[in-house]
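Descriptive structure summary
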Amino acid sequence: MDRRTFLKNTALTVGALAARTAAGKAASANIGRGDRIVISNPYEKVDWNTTQRHKAALHLHTLQSDGFQMVEEVVRAYHRAGYTIISITDHDWNEPNRRIVGHWGPLPAEQATPYPRDPKPDNFPANPTWPWTDYATPGPADLGLVGIKGNELSYKHHINSYYNDYGLWHGTPGDQIGHKAPYRIVDAEGREIQEDDQLTAIGMKGGLGILCHPSISDEHAWWERKSLRWYIERYRLHSSDYLIGMEITNNVPAHQAYDEGLWDQLLARFMPERPIWGFGNDDMHDLRSANQTFNMLFLGALSDTGVRKAMETGQFCIYRSTKYINYMMPSVEFSDFPDLKAIKIDQDSETISIEAVNYDEIKWISAPASLEPVEDYRTSNQPWPLGTVVHRGNTLDLRAAPGLRRYVRAEIMRKDGDHIHRIFTNPFGIVKS
Ligand SMILES: [Zn+2]
Ligand SMILES: [Zn+2]
């Protein structure tokens, strides 16, 4: 949308909120010229006294594509480590047993997964690794987990696809086979399938999608970094009903400024009316050496519908440590993260407060000062100006924070020697009346 439409929509959003909710009425009664109000709070439904915290691993690979371990080992390892929400997201374009240390598969039979057994699922090998019971793994309910059907769509920009069975495979009859990366795949009319086709398919099938690891570098033959314009177009074209967010951290620490900066650039354009939730994922291929990156969902109780709703509404935080972890250990020691107790908004005093312990600093971040790239996104790992730090401390006074525009998000950080453990909130929508 253009700037005029954006501003119009923002005004409509404020008006609609004021008319619709009690909170809106309270806020609108207090709006004076120049005041700022919070118009969207992803945590507004959380009761911080009773909420349950559930760790979600939403990007995991197994031997069913290019990971190193069986589905059962992966599920059991994450379960043992305290995760209660797990999605296996094998690449749709891989056959099983692709990965061997030092070269590319197939694995010898004695190390290989024999699953799924015949008859193969529809759309094999581009099918999601689901249900787990087809892979000699207990079902989620048997383990007291929520499991999410997942697939990493890997033609072109990687897209994690949840709650549906879409997937592409270059060997499908009628398609042209691209044997050499970057792969190409065409539809029945001979037209190359694009990211938009894949995202639309996710939406049509009632699924949810997120864009993965934007910062993976161009040195991989299978990857091409995209311009800021490209991301803007995708989030404009595709509704937040199904394109819910993006990874703001994946498994390449050196690239974090790229992903976080891109997120800020997008939030500065799309908030408050079109949220883009940040997701933090290990992108685990090998249990022995994984990041400690996960999503912490705040739920009344663990349920399939509650988890999906939290993903759709941003009711979670992203946890990210620079320390690696070995999920094959019998007991896994997580980094000593800050302990987030509550996030509270007071519309009357126009403040957002974070209650936490065991942290060194809380930063509040809003729109970047510049919306132009400062370096070439294809070669630089910091091409986008990051969001502006508008305040440090546990309470943000919206009236006293210069530079606050459209959104604010918080980072809670603890230093630990050379390591750093961070919690990222999702963005709050802000408008100035
Ligand atoms: Zn990927
Ligand atoms: Zn992946």
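We now turn to the structure provided with this report.

The rules we used
- Within each chain, residue numbers correspond to sequence positions counted from 1 in written order.
- As they are written, the chains are lettered A onward and the ligands numbered 1 onward, keeping that order.
- Reporting in this predicted model follows two pLDDT cut-offs: at least 70 for local features of residues, and 80 or more for side-chain atom pairs to be given and counted; totals over whole chains, interfaces and linings ignore these cut-offs and use all residues.
- By convention in this description, side-chain values take in all heavy atoms of the structure and omit both hydrogens and water.
- Residues belong to a common nonpolar core when they are buried Ala, Val, Leu, Ile, Met, Phe, Trp, Tyr or Cys residues joined through side-chain atoms within 4.5 Å.
- Only protein chains enter the area calculation, which uses a 1.4 Å probe; residues under 20% of their type maximum are buried, those over 50% are exposed, and those in between are partly exposed.
- Strand pairing follows a simple DSSP-based rule, namely that at least 2 bridges must link the two strands.
- The secondary structure listing takes helices from DSSP runs of H or I that are at least 4 residues long and strands from runs of E that are at least 2 residues long, numbered from the N terminus.
- Each axis is a line fitted through C-alpha atoms, and for a helix only the stretch in contact is used; angles between axes span 0 to 180 degrees, taken between their N-to-C directions.
- Donors, by definition, are the N, O and S atoms found within 2.8 Å of a metal, the threshold being 3.2 Å for Na, K and Ca, and water is not counted, so a site can look incomplete.
- Geometry assignment treats four donors as tetrahedral when all angles are between 85 and 135 degrees, treats four as square planar and six as octahedral when opposite donors are over 155 degrees apart and all others between 65 and 115, and treats everything else as irregular.
- Taken from the helix axis, the directions to the C-beta atoms give the arc we talk about.
- By definition, residues are in contact when any of their heavy atoms lie within 4.5 Å.
- Only the six-membered ring of Trp is used, alongside the rings of Phe and Tyr, when aromatic pairs are assigned; centres must lie within 6.5 Å, and planes under 30 degrees apart are stacked while those over 60 apart are edge-to-face, with the rest tilted.

Before going further, it helps to spend a moment on the nonpolar core. Grouped together as the largest cluster of nonpolar side chains are 53 residues, with contacts concentrated most on Ile85, Met246 and Leu266. Among the nonpolar cores identified, the runner-up in size contains 51 residues, and Val38, Ile88, Val332 and Trp364 belong to it.

Here we take up the sheet that holds strand β14 (residues 351–357). Strands sit in the order β13-β14-β17 across an open sheet of 3 strands; the sheet is antiparallel. Pairing within the sheet leaves two strands with one partner each, and these edge strands are β13 (339–346) and β17 (395–397). On average, adjacent strands in this sheet sit at an angle of 15° to one another, irrespective of strand direction. Pairing geometry for β13 and β14, over 7 bridges, is antiparallel. Following the sheet pairing, lysine 344 is matched in β14 by serine 353.

Attention now moves to the coordination of the zinc ion (ligand 2). On the protein side, the zinc ion (ligand 2) has His59 (NE2), His61 (NE2), Glu152 (OE) and Asp283 (OD) as donor atoms, found 2.0 to 2.2 Å from it. Considering all 4 donor atoms around the zinc ion (ligand 2), angles at the metal cover 80 to 165° and the coordination shape is irregular. Mapped onto the sequence, the donors of the zinc ion (ligand 2) take the spacing H-x1-H-x90-E-x130-D. A gap of 3.5 Å separates the zinc ion (ligand 2) and the zinc ion (ligand 1), which glutamate 152 links by coordinating each metal. Within this pair, whereas histidine 61 is found in the loop between β2 (52–60) and α3 (71–80), its partner glutamate 152 is found in strand β6 (residues 146–153), the two being separated by 91 residues in sequence. Assigned by exposure class, histidine 61 and glutamate 152 land together as buried.

Turning to helix α8 (residues 304–313), a few remarks are in order. Within α8, the full set of buried residues consists of Val307, Ala310 and Met311. One side of α8 carries all its buried residues, which in axial view fall inside an arc of 100°. Opposite its buried face, α8 presents the exposed residues Thr305 and Lys309, each directed more than 90 degrees away.

Looking at the zinc ion (ligand 1), one finds its protein donor set to be Glu152 (OE), His158 (ND1) and His213 (NE2), positioned 2.0 to 2.1 Å from the metal centre. Here the donor residues for the zinc ion (ligand 1) map to a single chain with the spacing E-x5-H-x54-H. Residue class for glutamate 152 comes out buried when judged on its relative accessible area of 0%.

Its place among the elements puts proline 125 in the loop between β5 (103–104) and α4 (140–143). On the basis of relative accessibility, which here comes to 8%, the residue proline 125 falls in the buried class. A C-alpha to C-alpha distance of 8.8 Å links proline 125 and serine 65, two positions 60 residues apart in sequence. Apart from residues lying up to four places away in sequence, proline 125 is in contact with Asp92, Asn94, Glu95, Pro96 and Trp169.

Counted by the stated rule, this structure contains 20 aromatic pairs. With a centroid separation of 6.0 Å and an interplanar angle of 65°, the aromatic rings of tyrosine 83 and tyrosine 327 are classed as edge-to-face. Here tyrosine 83, found in strand β3 (residues 83–88), pairs with tyrosine 327, found in the loop between β12 (316–325) and β13; they are 244 residues apart in sequence, far enough to count as distant. Looking at tyrosine 83, the relative accessible area reads 0%, which means it is buried.

It is worth spelling out helix α6 (residues 228–237) at this point. Of all the positions in α6, only Leu228, Trp230, Tyr231, Ile232, Arg234 and Tyr235 are classed as buried. The inward-facing, buried residues of α6 abut α5 (195–204), β8 (208–211), β9 (243–249) and α7 (256–270).

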